[in-house]
Amino acid sequence: MPVLVFDLDDTLYPELSYVHSGFRAVAEFLSPLLGVPAETLAAGMIAEEGTQGRGQVFDNVLRQHGRWSKTLVAACLRAYRLHRPELALYPDSERCLARFAAWPLYLVTDGHKEVQARKAVALQVAAIVRHAYLTNRYGRHRAKPDPYVFGLICQRERVEPGQVIYVGDNPRKDFVGIKPLGFRTVRILRGNYAHLEADAAHEADRRIHTLDELTVEFVTELLGQ
Ligand SMILES: [Mg+2]
């Protein structure tokens, strides 16, 4: 039976919602220390992320309140990574996972393994898939584009790569490593990479705008190539 594998961030849910959920957790932690309402702190961090990027957000909020220290920045990062996120799937993701509920489904995602595991649980996809492959568990060198965990999926399902479809959003790393091995690839055009032009090696076999386009007919046609 064909196997459907999904990326997580910006493929099944908007990653920015995780970032904002994390900022709210950090704001709750900082509020009593800084004597500022958590909502005010969270709003400031969210606004800043939009203009400056994520890297300096915790440094800046602490500096603004005259409380910067290496220890507090590290504590903010811990609160961010350890928080229990509140997340929701894109509606089309939910429909897609329901449509293919009888198929073997998997996740392959890079990033901090405990963070990614908490996201999969919060989105209630951990329970739907046969396994969520968190590449980080196998070492940093197993992150995409390394095809290692895709090989594990083939072994586990006893299928050839040509029977496995990977759906992801990032043409920089999602497809280039597995395409030469015969895996089928689908790029969903959303998130930060939606407008990135990719060369032939990095581009997926198909491009879609929503997971509603991923029908049984679509999948059958792609596997039949
Ligand atoms: Mg992604």
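Source: prediction; values computed, not measured.

## Quick look at the overall build of the chain
1) Next: Across its full length, the chain holds eight helices and six strands.
2) Next: The globule rule puts the C-alpha radius of gyration for 225 residues at 17 Å, and the 19 Å found for the chain is close to it.
3) Next: Along the three orthogonal principal directions, the C-alpha set of the chain runs to about 60 × 35 × 30 Å.
4) Next: Across the chain, every contact between residues at least 6 apart in sequence was considered, and the portion connecting residues at least 24 apart equals 64%.
5) Next: About 11000 Å² of surface is accessible on the chain, with carbon and sulfur atoms providing 52% of the total.

## Here's the deal with the nonpolar core
1) Next: Residues Leu4, Phe6, Met45, Leu107, Val125, Leu214 and Val219 are the most contacted members of the largest nonpolar core, which totals 52 residues.
2) Next: Take this core: its biggest share by element is seven residues, from helix 1 (residues 15-34).
3) Next: Residue contributions to this core reach at least three from each of two domains, namely domain 1 (3-15 + 87-223) and domain 2 (16-82).
4) Next: Every residue in contact with Phe6, bar those within four places of it in the chain, is listed here: Leu12, Cys96, Leu97, Leu105, Tyr106, Leu107, Val108, Tyr166, Val167, Leu211 and Leu214.
5) Next: The next biggest cluster of nonpolar side chains, apart from the first, holds 15 residues, and it includes Tyr106, Val149, Val159 and Val164.

## A short note on the sheet that holds strand 3 (residues 131-134)
1) Next: In spatial order, the strands read 3-2-1-4-5-6; together these six strands make up an open sheet with parallel pairing. Bordering the open sheet on either side are strand 3 and strand 6 (206-208), each of which pairs with just one other strand. Pairwise comparison of adjacent strand axes, ignoring direction, gives a mean angle of 25 degrees for this sheet.
2) Next: Of the strand pairs in this sheet, strand 5 (residues 184-188) and strand 6 are connected by three bridges, and their pairing is parallel. Bridged to Ile188 within strand 6 is Ile208.

## A few points about the domain arrangement of the chain
1) Next: Partitioning the chain into domains gives domain 1 (3-15 + 87-223) and domain 2 (16-82).
2) Next: Using C-alpha coordinates to define each centre, domain 1 is positioned 31 Å away from domain 2.
3) Next: In this assembly, eight residues from domain 1 lie in contact with seven residues from domain 2.
4) Next: Approximately 690 Å² of surface area, both sides summed, lies buried where domain 1 meets domain 2, with 53% of it carried by carbon and sulfur atoms.
5) Next: The tally of links from domain 1 across to domain 2 stands at zero salt bridges.

Reading the values: rules and limits
Residue indices follow the written sequence of each chain, beginning from 1 at its first position. In view of the model being predicted, local features appear only for residues whose pLDDT reaches at least 70, and side-chain atom pairs are presented and counted only at 80 or more, with totals across whole chains, interfaces and linings using the full set of residues. Only heavy atoms go into the side-chain values, all of them from the structure, while hydrogens and water stay out. The secondary structure listing takes helices from DSSP runs of H or I that are at least 4 residues long and strands from runs of E that are at least 2 residues long, numbered from the N terminus. Atoms counted for the radius of gyration: C-alpha only. Globule rule: 2.2 Å times the number of residues to the power 0.38. In this description, contact between two residues means that some pair of their heavy atoms is separated by no more than 4.5 Å. Note that accessible areas follow from Shrake-Rupley with a 1.4 Å probe, and for residues the cover is restricted to the protein chains shown. Joining through side-chain atoms within 4.5 Å is the link that ties buried Ala, Val, Leu, Ile, Met, Phe, Trp, Tyr and Cys residues into a set, and such a set is a nonpolar core. Residue burial is assigned from relative accessible area. The probe radius is 1.4 Å, only protein chains are included, and a residue is buried under 20% of its type maximum, exposed over 50%, and partly exposed in between. Here the bounds of each domain stem from an automatic or database domain assignment. Think of it this way: DSSP has to see at least two bridges between two strands before they count as a pair. What counts as an axis is a line fitted to C-alpha atoms, over the stretch in contact for a helix, and the angles between N-to-C directions run from 0 to 180 degrees. A 1.4 Å probe defines the accessible area here, and the buried area is the portion of it lost by two parts on being joined, summed over both. What makes a salt bridge here is a side-chain nitrogen of Lys or Arg within 4 Å of a carboxyl oxygen of Asp or Glu, nothing more.

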